[in-house]
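The lines below spell out each chain.
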Amino acid sequence: MKSANFKTFCDSMEDVAHDIVRACRRGARTIAAMPWPAMLVCCILLAFVISILPLALFLFVLFMAVKVVAGAFVIDRRRSVREQ
């Protein structure tokens, strides 16, 4: 097993950066070749993914946390009633 050092880490990060740049260039070429109606649909879907989907996930997590906290109080109350 070879030891990891800063040079191998930098090489790995450079490879990741090249892959990201390559993907962005490919995406830009794909968007440039799209007709206007397809680009409009793509923009609307991208706006949905960027704005509405994270909001829905956040609200889901928030309501689940409220449910867990409320459930803890209900369970604690039921235990105290049974003990009396």
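As the structure is a prediction and not an experimental result, all values here were calculated from the model. (Residues numbered from 1 in each chain as written. Predicted model: local features only at pLDDT ≥ 70, side-chain atom pairs only at ≥ 80, totals over all residues. Heavy atoms only, no water.)

A.B. asks: Can you help me understand a nonpolar patch on the surface in this one?
C.D. replies: On the surface, L55, F58, L59, L62, F63 and V66 cluster together to form a nonpolar patch covering roughly 580 Å² of accessible area. Position of F58 relative to the elements: it lies in helix α2 (residues 36–83). Of the residues examined, F58 reaches a relative accessible area of 53% and is grouped as exposed. (Patch = residues over 30% accessible without salt bridge, like charges linked within 9 Å, V, L, I, M, F, W, Y side chains within 5 Å. Areas by Shrake-Rupley, 256 points an atom, 1.4 Å probe, with all protein chains shown as cover. Salt bridge = Lys/Arg side-chain N within 4 Å of Asp/Glu carboxyl O. Helix = DSSP H or I, 4+ residues; strand = E, 2+ residues; numbered from the N terminus. Buried < 20%, exposed > 50% of the residue type's maximum accessible area, 1.4 Å probe, protein only.)

A.B. asks: Looking at this structure, how should I read α2?
C.D. replies: Every α-helix winds through 3.6 residues per turn, so residues three or four apart in the chain are directed the same way. For α2, spanning 48 residues, the distance from its first C-alpha to its last is 69 Å, which sits close to the expected 70 Å at 1.5 Å a residue. V49 marks where α2 bends most, by close to 35°. (Expected span 1.5 Å × (residues − 1). Bend = angle between axes of the 7 residues up to and from the residue.)

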